[in-house]
Structures are given as C-alpha cells and as structure tokens.
Amino acid sequence: MLELSILGFLYETPLHGYELRKRITALTGHVRPVGESTLYPAIKRLEKAGLLVRETQPGPAAAPRQVLTLTSAGREELRRRLADAEGPEVTDENRWFALLAFLRHLDDPTAQATVLRRRLAFLEEPASFFYDGDRPVRAEEPDDPFRHGVLTIARATTQAELTWLRTTLAELESS
C-alpha cells in the first residue's frame, strides 16, 4: 500500500519527501500512520529499483531539498501493479481504497473494468464478521446492539459500493 501510494502520487507530479508524506497520510494515515522510518526506506527501495530518482533543488528558503520524480519504469510499474491487483489489494478495504485512488492512471478502460470486476466478485460473495459455529450471523440476529451496528453499517457500505461498482462498470464498458 505504501509503495503503491508513493508511485501513485509521484505519477501525478514530482514531490519532495515531506509533501509526499503529507499526501500519503491524508490518504491512508487514518489506518496506518506514515512515519519517516517507513517512508524513506520505501523510497530508497524504489530508487534502487530504478522506479524513481532524486534531484537536489533549491528550497523555498535557504536549504536545498530532495525532489522525487518517477521514472518511465516507475510509471510502468504503477500501471502494472494497478492492472495486476488481486487478492488483498481488492479484498482489504484499506488497500482497495489506496488502489482505487490511482486507478485512473491505468489508461485502458477495459483494464480498469477488470480490476473493478475483481472487487465486485469479492463483494458479491456472502460474508459475515461473526459466526455461530460454522453459520454466519446476519445483521438482524445479534442480541448485541453493537455487533448489530457493525453488521448494519457494513451492509450499507457494501451496498453503496456495489451500486457504484455496477454503475462505473457499465460506463467503462460502454466507452
């Protein structure tokens, strides 16, 4: 999720580390805070892989700053990661939102639709957070009002996403 976010934001514009961290935090910080101890090692891995480069530029005040720019290999890697997204990238809500934030960079509507269909297939599978033995518990069943709340909210969120996915797929497939 972190590397995808780095690639995604740099795909849009070159950024210095502080600005990149602010953008990633705004996207995913509610789930996983982005500290320097995780961001900069990820940047170094991507740089070592030839996916981004650093350039020293004069800072707005006196100190120079390192500006990160995506290479053509980095742009291609982002598109590959978006197109190949499956498993946790489409089933884990937080990873899915990070992926969805950059899916527009996958230029091919057919490829975008393929990724959305993977998420749709996952959401259409029956699921529950709670079980009574091997049997899933439905939202109407729990005597616990808090579990009932979890299930009710999850169902409403899923329904909204299903509606959005189906509408967006229809639009992509008609273009």
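Since we're looking at a predicted model, the values are computed, not measured.

A few words now on the pattern of salt bridges. Taken as a whole and judged by the stated rule, the model has 14 salt bridges. Here Glu12 and Arg104 are joined by a salt bridge, their closest N and O atoms 2.7 Å apart. With Glu12 in helix α1 (residues 2–12) and Arg104 in the loop between α6 (93–102) and α7 (109–124), this residue pair connects regions lying 92 residues apart in the sequence. Among the residues examined, Glu12 registers a relative accessible area of 34% and is labelled partly exposed. Two residues, Glu76 and Arg79, come together in a salt bridge whose shortest N-O distance is 2.9 Å. Note that Glu76 and Arg79 are positioned in helix α4 (residues 72–83) at a spacing of three residues, about one turn of the helix. Shared partners join several salt bridges into a network, and the residues in it are Glu3, Arg45, Glu77, Arg80, Arg81 and Asp84.

Another point: the sheet that holds strand β2 (residues 52–57). Sheet architecture is open: three strands sit in the order β1-β3-β2, paired in antiparallel fashion. Where the open sheet ends on each side, the last strands, each with one partner, are β1 (15–16) and β2. Note that β1 and strand β3 (residues 65–70) share two bridges and pair antiparallel. By the bridge assignment for β3, His16 is matched with Val67.

Examined against the element boundaries, Lys44 turns out to sit in helix α3 (residues 36–48). It is 9.8 Å that separates the C-alpha atoms of Lys44 and Arg54, two residues lying ten residues apart in sequence.

Once that is clear, we can look at the side chain of Glu161. Take Glu161: it is sitting in helix α8 (residues 145–174). Those residues in contact with Glu161, other than ones at most four positions away along the chain, are Trp96, Arg119 and Leu123.

Following the criterion strictly, the structure yields one aromatic pair and no others. Considering the side-chain rings of Phe9 and Phe102, the 4.9 Å spacing of their centres and the 85° angle between planes classify their relative orientation as edge-to-face. Within this pair, whereas Phe9 is found in helix α1, its partner Phe102 is found in helix α6, the two being separated by 93 residues in sequence. A single burial state applies to Phe9 and to Phe102, both of which are buried.

Bringing the pairing of β3 into the picture now. Across a regular strand the side chains alternate sides, sitting on one face of the sheet and then on the other. The sheet contact formed by β2 and β3 spans six bridges and is antiparallel. Within the sheet, the bridge partner assigned to Thr56 lies in β3 and is Gln66.

What follows is about the packing of α7 against α8. Look at α7 against α8: their axes get within 10 Å of each other, and the N-to-C directions meet at 155°. On the basis of their axis angle, the class for α7 and α8 is roughly antiparallel. The hand of the α7/α8 crossing is left-handed. Contact residues: Pro109, Gln112, Ala113, Leu116, Arg117, Arg119, Leu120, Leu123 and Glu124 in α7; Thr158, Glu161, Leu162, Trp164, Leu165, Arg166, Thr168, Leu169, Leu172 and Glu173 in α8. Partitioned by chemical class, the residues of the contact of α7 with α8 number ten nonpolar, three polar and six charged.

Cut-offs applied
Sequence order sets the numbering: in each chain, residues are counted from 1 along the sequence as written. It should be noted that, the model being predicted, local features are given only for residues of pLDDT at least 70 and side-chain atom pairs only at 80 or more, the latter also being counted only at that level, while totals for whole chains, interfaces and linings use all residues. The side-chain numbers reported here are obtained from all heavy atoms of the structure, hydrogens and water having been left aside. Note on definitions: salt bridges are taken to be side-chain nitrogens of Lys or Arg within 4 Å of carboxyl oxygens of Asp or Glu. Segments assigned H or I by DSSP are reported as helices when at least four residues long, segments assigned E as strands when at least two residues long, and all are numbered from the N terminus. Exposure categories follow from relative accessible area, calculated using a 1.4 Å probe and restricted to protein chains: below 20% of the type maximum is buried, above 50% is exposed, and the middle band is partly exposed. When DSSP finds at least two bridges between two strands, those strands are taken to pair. For this analysis, residues touch if any pair of their heavy atoms sits within 4.5 Å. Here is the rule: rings of Phe, Tyr and Trp (six-membered ring for Trp) pair when centre to centre is within 6.5 Å. Planes less than 30 degrees apart are stacked, more than 60 are edge-to-face, and the remainder are tilted. Lines fitted to the C-alpha atoms define the axes, with helices restricted to the stretch that makes contact. Angles between their N-to-C directions range from 0 to 180 degrees. These descriptions rest on fixed angle ranges, namely under 35 degrees for roughly parallel, over 145 for roughly antiparallel, 65 to 115 for roughly perpendicular, and the rest for oblique. Should the near helix be turned counterclockwise from the far one by less than a right angle, the crossing is left-handed, whereas a clockwise turn marks it as right-handed. Ten residue types, Ala, Val, Leu, Ile, Met, Phe, Trp, Tyr, Cys and Pro, are classed as nonpolar, four, Asp, Glu, Lys and Arg, as charged, and the remainder, Gly among them, as polar.

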